[in-house]
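These are the residues of each chain, in order.
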Amino acid sequence: MADLDFAYDLTLDEARRRSAMVTAIGDDWDPGAALAQEDQAYDMLYAGLDDEQQRIYDELVAAGVLPDRSVGHVAD
């Protein structure tokens, strides 16, 4: 069987996807508020951990599985 080399340009599909996403988000979307709500949700998720849960959480942060929320973070 011969090797087949082909290429598919995803530029048009990516432009359609982005356009659909922006349309779906709407004009009233506030990215700052969305990030603040996400931070609040994470704070609520990891609040009130017992000692064992906190130990596991700390191990996961140290292993890089979960982000370290005690330091500021910047989006990639």
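With that settled, the discussion passes to the packing of aromatic side chains. One pass over the structure, following the stated rule, counts 2 aromatic pairs. Seen from their ring centres, Tyr 42 and Tyr 46 are 6.3 Å apart, and the 10 degrees between their planes marks the pair as stacked. For Tyr 42, a relative accessible area of 34% corresponds to the partly exposed category. Measuring from ring centre to ring centre gives 4.7 Å for Tyr 46 and Tyr 57, while their planes differ by 40 degrees; the resulting arrangement is tilted. Within this pair, whereas Tyr 46 is found in the loop between helix H2 (31-45) and helix H3 (51-62), its partner Tyr 57 is found in helix H3, the two being separated by 11 residues in sequence. A relative accessible area of 14% means that Tyr 57 is categorised as buried.

Below, the discussion takes up the pattern of salt bridges. Inspection of the entire model under this criterion finds 7 salt bridges. Arg 17 serves as the salt-bridge partner of Glu 14, at 2.7 Å between the closest nitrogen and oxygen. Of this pair, Glu 14 and Arg 17 both sit in helix H1 (residues 11-25), 3 residues apart, which is roughly one turn of that helix. We classify Glu 14 as partly exposed; its relative accessible area is 30%. With its nearest N and O atoms 4.0 Å apart, the salt bridge here joins Arg 69 to Asp 39. Of the two residues, Arg 69 is situated in the segment after H3 and Asp 39 in helix H2; the sequence distance between them amounts to 30 residues. Through salt bridges with shared partners, a single ionic network connects Glu 14, Arg 17 and Arg 18.

Criteria and thresholds
- Residues numbered from 1 in each chain as written.
- Predicted model: local features only at pLDDT ≥ 70, side-chain atom pairs only at ≥ 80, totals over all residues.
- Heavy atoms only, no water.
- Phe/Tyr/Trp six-rings, centres within 6.5 Å; stacked < 30°, edge-to-face > 60°.
- Buried < 20%, exposed > 50% of the residue type's maximum accessible area, 1.4 Å probe, protein only.
- Helix = DSSP H or I, 4+ residues; strand = E, 2+ residues; numbered from the N terminus.
- Salt bridge = Lys/Arg side-chain N within 4 Å of Asp/Glu carboxyl O.

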